[in-house]
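Listed below are the residues making up each chain.
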Amino acid sequence: MSANSDSYVIGVDFGTLSGRAVVVRVSDGAELGTAVHEYTHRVIEDRLPGTDVRLAPDWALQSPHDWLDVLRTAVPEAVAAAGIDPARVIGLGTDFTACTVLPARADGTPLCEETPERPHAWPKLWKHHAAQAHADRINALAAERGETWLPRYGGKISSEWQFAKALQVLEEDPEVYARTDRWIEAADWIVWQLTGVETRNVCTAGYKGIFQDGGYPSAGFLTALNPGFAGFTAKLGQELSPLGGLAGRLTAQAAGWTGLPEGIAIAVGNVDAHVTSAAADAVRPGQMVAIMGTSTCHVMPSDQLAEVPGMCGVVRDGIVPGLWGYEAGQSGVGDIFAWFVDNGVPASYTRAAEERGLSVHAYLTELAAAQRVGEHGLVALDWHNGNRSVLVDHNLSGVIVGQTLSTRPEDVYRALIEATAFGARMIVETFEKAGVPVEEFVAAGGLLKNRFLMQIYADVLRRPLSVIGSDQGPALGSAIHAAVAAGAYADIQQAAAAMGTRRDDAYLPDEARADAYDRLYAEYRTLHDYFGDGRMLHTLRAIRNEANG
Ligand SMILES: Nc1ncnc2c1ncn2[C@@H]1O[C@H](COP(=O)(O)OP(=O)(O)O)[C@@H](O)[C@H]1O
Ligand SMILES: O=C(CO)[C@@H](O)[C@@H](O)COP(=O)(O)O
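Everything quoted here is computed from the prediction, not taken from an experiment.

## As for a nonpolar patch on the surface
Together, Tyr530, Met536, Leu540 and Ile543 make up a nonpolar patch on the protein surface, roughly 410 Å² of accessible area in all. Counting residues per element, the nonpolar patch draws most heavily on helix H19 (residues 535-547), at 3 residues. Within the secondary structure layout, Ile543 lies in helix H19.

## Considerations on the pairing of strand E3 (residues 31-38)
Remark: a regular strand shows side chains that alternate across the two faces of the sheet. Strand direction decides the pairing type here: strand E2 (residues 18-25) and E3, joined by 7 bridges, are antiparallel. Across the sheet, Ala21 pairs through a bridge with Ala35, a residue of E3.

## Digging into the domain arrangement of the chain
The domain architecture assigned to the chain consists of domain 1 (2-267) and domain 2 (281-468 + 510-549). Between domain 1 and domain 2, the C-alpha centre-to-centre distance is 28 Å. Listed per partner, the contact involves 15 residues of domain 1 and 20 residues of domain 2. Taking both sides of the interface into account, the surface hidden between domain 1 and domain 2 amounts to around 1,400 Å²; carbon and sulfur atoms contribute 53%. Among the residues domain 1 hides against domain 2, the three largest losses belong to Arg152, Tyr207 and Leu243. Together they make up 42% of the total. Taken together, the links from domain 1 to domain 2 amount to 1 salt bridge. The partner of Lys208 in a salt bridge is Glu327, and the shortest N-O contact between them spans 4.0 Å. For the side of domain 1 that touches domain 2, the class distribution of residues is 8 nonpolar, 3 polar and 4 charged.

Criteria and cut-off values
- Residues numbered from 1 in each chain as written.
- Chains lettered and ligands numbered in written order.
- Predicted model: local features only at pLDDT ≥ 70, side-chain atom pairs only at ≥ 80, totals over all residues.
- Heavy atoms only, no water.
- Patch = residues over 30% accessible without salt bridge, like charges linked within 9 Å, V, L, I, M, F, W, Y side chains within 5 Å.
- Areas by Shrake-Rupley, 256 points an atom, 1.4 Å probe, with all protein chains shown as cover.
- Salt bridge = Lys/Arg side-chain N within 4 Å of Asp/Glu carboxyl O.
- Helix = DSSP H or I, 4+ residues; strand = E, 2+ residues; numbered from the N terminus.
- Pairing = 2+ DSSP bridges.
- Domains from an automatic or database assignment.
- Contact = heavy atoms within 4.5 Å.
- Buried area = accessible area lost by both parts, 1.4 Å probe.
- Nonpolar A, V, L, I, M, F, W, Y, C, P; charged D, E, K, R; others polar.

Have a look at this one:
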């Protein structure tokens, strides 16, 4: 690859609160410069920008202007930080949160530009959860009709996805729905802005758009949901583009925004979680990448097709062309630790952490790390933000068992970390039981910084953990896809091998601790089965909702 030794690609990761650009050397994946742009409107949850229009609970919107600002600011800043000649940039790739989806005109104009006072005209962020009732109807009807696509999503689709959100638009604002020529993932919309051509990537279409075996849900199914929904799929993409493919070339206008040469390769859009596999060079069957942060996404290529209970989805070519791509998830991980730090720690602990110059997380971790496995006498269920896999039930809640008058904050903190590790083991075991082997567990994301937590995962999973070598996995992954789209490598696997970074066996399980954890995990499973049917936790939620009026 010496011909590439002085050429560069750019990866742009569009997150929930900000967008990040990274400049990467094509020959070896070295990250030379990076810049972040915080979105001006962040997550729009209360009021539509520039209006008095208030939003209902569970709404979460974004502004397309914020995304374009990332191209205008973070990209040139990253190039400047890298100190490279922009003329040497041969391609740019992007990844986005998903399912972040918007209604647009036939030319790509977002509807919120025409009618900014209409909530449904705005892009719905992935965590817009106000379409739950619509998802419930889709699931019930699909189960009743025995739709073959339903098992590909572990038996349930999510309220976050394209069909649920679009049905909400149709039923709550039919006029906006009628004006929607294109219902498009932000992942594809941003590529449209860069290239001037509309493409649709297989990843979001498959995981979020129910595209399976060459088609979307049938018109008969959609009519049964709502006759007005019959023609919905005409607003989606019909021809899908492969990951790592060339979506088009940078237009003169987008060259002006970014300061990059007109005509460079722009990669087909992708999802932040899935693109991280390339960054970790974990694109072979059985390499499960866990992107561990606020929540955890698990993605894994496989040559086996199986119906794994409670997975988020399995999509042909969904991570790399030629393989099935699986996704599963834990809806609360770092968020649970944050909840405990914010709500469960006395002032004396906060002061002690401050005096030591540590974050409360780091302080609790240090105290918890001094314990032997099981010493706290606790076991917890990691369902404070519901359960995505394997139960797919957002109405479950957290449980902590075994507390006494001598239970201390570090005990609970440790039990919560262990609970998330047990949740991860449950996912791995569910895949294996369904006939999809997990050969390697590769950790990525913000929680890598907690080494004690990572060791717990190795001990609980009873397997060595590999870790990604970059702290900006998605942006690096997007840069790798850009290198493929630009023709520098034949495929994603080759590019990932040269440019991705993974440390094998970074954490090894300790036999004695793993044995001790087996006993606790058995108790976790018992609790999981007992509370997992929802009888008690749903009742508690209903009582809470009634009490809150
Ligand atoms: N030392 C720590 N140990 C465990 N969790 C931590 C620690 N520091 C921060 N966190 C948690 O990490 C999460 C942020 O992870 P990060 O990967 O940076 O974010 P995101 O998932 O939003 O990309 C927060 O939920 C926070 O509670
Ligand atoms: O749901 C998916 C992928 O399927 C993510 O895009 C979504 O959870 C957003 O993740 P982040 O909060 O950006 O880590």
